Every structure is written in structure tokens, then in C-alpha cells.
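Coordinate inspection notes
Residue strings, one per chain:
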Amino acid sequence: MGAVQPEGLAGRVALVTGAGQGVGQGIALALASEGVSVAVVGRTVTKLEETCRLLKERGVDAEPFACDVADTEAVPGVVEAVVGRFGRLDILVNNAWAGAMGPLLSLSDRAFRKGFETGPFATFAFMKAAHPHLKATGDGSIVNLVTSAMVRWDPTTYGAYAASKVALRSLTRTAAVEWAPDGIRVNSIAPHALSPGLKWWTENNPEEADEFIASIPMRRIGDCEGDIGRAVVALVGSDMRYLTGATIPLDGGQAFFG
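What counts, and where the lines are drawn
- Residues numbered from 1 in each chain as written.
- Predicted model: local features only at pLDDT ≥ 70, side-chain atom pairs only at ≥ 80, totals over all residues.
- Heavy atoms only, no water.
- Axes fitted to C-alpha atoms, helices over the stretch in contact; angles between N-to-C directions.
- Helix = DSSP H or I, 4+ residues; strand = E, 2+ residues; numbered from the N terminus.
- Parallel < 35°, antiparallel > 145°, perpendicular 65-115°, else oblique.
- Left-handed = near helix turned anticlockwise from the far one by under 90°.
- Contact = heavy atoms within 4.5 Å.
- Nonpolar A, V, L, I, M, F, W, Y, C, P; charged D, E, K, R; others polar.
- Buried < 20%, exposed > 50% of the residue type's maximum accessible area, 1.4 Å probe, protein only.
- Phe/Tyr/Trp six-rings, centres within 6.5 Å; stacked < 30°, edge-to-face > 60°.
- Lys NZ or Arg CZ within 6 Å of the ring centre and 35° of its normal.

Details of the packing of helix α4 (residues 109-137) against helix α5 (residues 159-179)
Where α4 contacts α5, the two axes come as close as 8 Å, and the packing angle between them is 15°. Regarding the angle of α4 to α5, the classification is roughly parallel. The hand of the α4/α5 crossing is right-handed. Packed against α4, whose contacting residues are F112, G115, F116, P120, T123, F124, M127, K128 and H131, the element α5 presents A160, A163, S164, A167, L168, L171, A175 and W179 at the interface. Split into classes, the residues belonging to the contact of α4 with α5 amount to 12 nonpolar, 4 polar and 1 charged.

Here's the deal with helix α1 (residues 22-32)
Taking burial as the measure, the 11 residues of α1 include 11 buried ones, the bulk of the element. Residues of α1 that are buried: G22, V23, G24, Q25, G26, I27, A28, L29, A30, L31 and A32.

Remarks on the packing of aromatic side chains
Within this structure, the stated rule accounts for 2 aromatic pairs. Seen from their ring centres, W97 and Y161 are 4.7 Å apart, and the 65° between their planes marks the pair as edge-to-face. Placement of W97 in the loop between β4 (91-94) and α4 and of Y161 in helix α5 is noted, with a sequence separation of 64 residues between them. An angle of 40° between the planes, with centres 5.4 Å apart, marks the rings of F112 and F116 as tilted. One end of the pair, F112, and the other, F116, are both in helix α4, 4 residues apart, so they sit about a helical turn from each other. Above the plane of the ring of F86 lies R85, whose end atom (NZ or CZ) is 4.8 Å from the centre.

Right under this line is the structure:
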């Protein structure tokens, strides 16, 4: 028997990596709007604290946890600290990623490796550490962030990024199958969203940005909270309780996942 679950999402606890800004923050805010308390994980304390302030304004509990996700040996301690602080863990969102982009011959081995260290290796560490706590709820959920660059017809300059995310997509599918009997669902999303970095790029490269937006059938870039965060709310909720092992494109129809 798992732990007694709160009605709906209210009262549940989520751990969101890379939640200091952008998509991670948008997901945290959307969860908070449903009454989910959030452990805000990332590298920059000031950004984490600002996200916590915004979350508390929505009436939920929130706490910052400074962590470089590439330090996988520290991950189990972070997860235990989160559970110690909140008393449970229901939802894990692996959003953080740091790596390099550019033509393959421009990338050093170190730069290429970093994308895997902060991507599939970090995610694997968080998933393993969270597993017993998610299992204890009887209805745990993991959402891993991947990218439509995995299926771009021309992945030029996105190769290292896409490679790390392909590994993460495979990890997602495997965990979904292996952990389904434990009451844990594992899915991935591939979002386009107007993060601070993408917003800067669109403002400073207007012509290229217009071409990029024109390639999106919906003709707009997604909103971090309204489009991506709300989709995650749906994905971890009871209405999607039979969905696991899937990759959900949240890109306005730009990419095709066959």
C-alpha cells in the first residue's frame, strides 16, 4: 500500500531542477498554482530564492536547494534533504542542462562530455535517489526534458545537445517500463519556450527569429508557464495516469516524433 495521496495535486511535493529561471521556473509556477509545494534546485542561489518568492506568493511552501547537477555524488544528499524538509516527494522534474552547441569539429571532448554529465548522468542520479520516495507514494511521476533537436532534419550545431537528449529519452522509456510496477510513471517532454536565453536571441537576431517562428505551425514560441508548465501539470495529474514512457512534443507542431 502506498501513502495516502492528497486530493488532486494539492499537497504534493515536487523537485524541479534548473528552476531558477525559464522553463524550470515556469513548470514550478504552474505546479504551485495547483497547490504543489516545490523544492527549487539549481546552481544560482539568488535565482532560486526569487523563484521561491514567486511560489510562496501563490500560497505554497517552497525551499531553495543549491546544487550543481553535474556533481552526481551530491545528488542523493540533495534528494534526502528535500524529503527531510517536506516529508515526501511525489514529482521529479529533470530540467537542468548545461553543455555546448556548435559544429562537431568546434567542440572539445570536455564540452561534449558536459552535456552528458548534466543531462542523462545527472537525471539518472536524481531518478535513482528519488525512486524509493516516489514508490512510497504509490503514484509518483517523473518528467524529463528532452528536445525536438533529436528529430530535426538538419541537426547542424545541435549535435552534442541532441545526442545527450537522445540518451535521456531512452533512459526515460526504460525507467517507465521497469518502474511501472512500483507505481511510478516516467515521461519526457520536448518543449520550445521563451526562456531568457531564447528571448535574448530573438531580440538580437530578429530576422533569424522570424524565420524560426515561421517554421512553427502555430507561429509562436511557447510560454514557459502557460504552455510548458501547464502541460506538465496535466502530465503528472490523475487524468494522465495511464500514460508512461511517452515523449510529448510541446513545440507548436514544429517537429514530428515518429
